[in-house]
Amino acid sequence: MAFIKIQNVVINTSYVAAVKLDNQTSLGEKSVSVLIATPKFPLFQQDTITQNFYHYEWLEFTGQAANALQDYFTSFNNVIDLLPQYQEKCEV
């Protein structure tokens, strides 16, 4: 388990479900979004059948925080790139 601190937010990396790199806000500012998945614990055992076991929330970072997250999540030590940049880009 590792923790990363971005400005006044500390994130337990065990709960990072996804990261969107190279996003833009509605104002056109560069952003990085992190999807956090935290476990939910039901009050009653029978509630576990119908409820989702996780709570999901996107956190969006801009400015220096976005740059720092971009560097962290593209670092060779933290992420293995399955599609290196020299391969043909896929247009969606």
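Nothing here was measured: the structure is a model prediction, and the numbers come from that model.

Draft legend 1. Looking closely at the side chain of Asn 12. Inspection of the secondary structure assignment puts Asn 12 in strand β2 (residues 9-12). Take Asn 12: its relative accessible area is 14%, and that puts it in the buried class. From its side chain, Asn 12 meets the backbone nitrogen of Ser 14 in a polar contact 2.9 Å long. Apart from residues lying up to four places away in sequence, Asn 12 is in contact with Met 1, Ala 2 and Phe 3.

Draft legend 2. Layout of the sheet that holds strand β4 (residues 30-39). A sheet is described by the order of its strands in space; here three strands give the open sequence β3-β4-β5, paired in antiparallel fashion. Two strands lie at the open edges of the sheet, namely β3 (16-24) and β5 (54-62), each paired on one side alone. Averaged over all pairs of adjacent strands, the angle between strand axes in this sheet comes to 15 degrees, irrespective of strand direction. In the sheet, β4 pairs with β5 via nine bridges, with the strands oriented antiparallel. Within β5, the residue paired with Val 32 across the bridge is Phe 61. Here helix α1 (residues 63-74) sits on the sheet in contact with β3, β4 and β5, set at roughly 65 degrees to β4.

Rules used in this analysis
- Within each chain, residues carry numbers counting from 1 in the order of the written sequence.
- Confidence filtering applies because this is a predicted model: local features only for residues at pLDDT of at least 70, side-chain atom pairs given and counted only at 80 or more, and all residues used for totals across whole chains, interfaces and linings.
- Heavy atoms throughout the structure, all of them, feed into the side-chain values; hydrogens and water do not.
- Only DSSP runs of H or I covering at least 4 residues are called helices, and only runs of E covering at least 2 are called strands; the numbering of each starts at the N terminus.
- Note on exposure labels: buried denotes an accessible area under 20% of the residue type's maximum, exposed denotes more than 50%, and partly exposed covers the range between, all computed with a 1.4 Å probe on protein chains only.
- What qualifies as a polar contact is a pair of N or O atoms within 3.5 Å, subject to a donor-acceptor requirement within protein and to the restriction that residues adjacent in sequence count only when both atoms come from side chains.
- Between two residues, a contact is recorded if the distance between any of their heavy atoms is within 4.5 Å.
- Note on pairing: DSSP must find at least two bridges between two strands before they are called paired.
- Every axis in this analysis is a line fitted to C-alpha atoms, fitted for helices over the stretch in contact. Angles between the N-to-C directions lie between 0 and 180 degrees.

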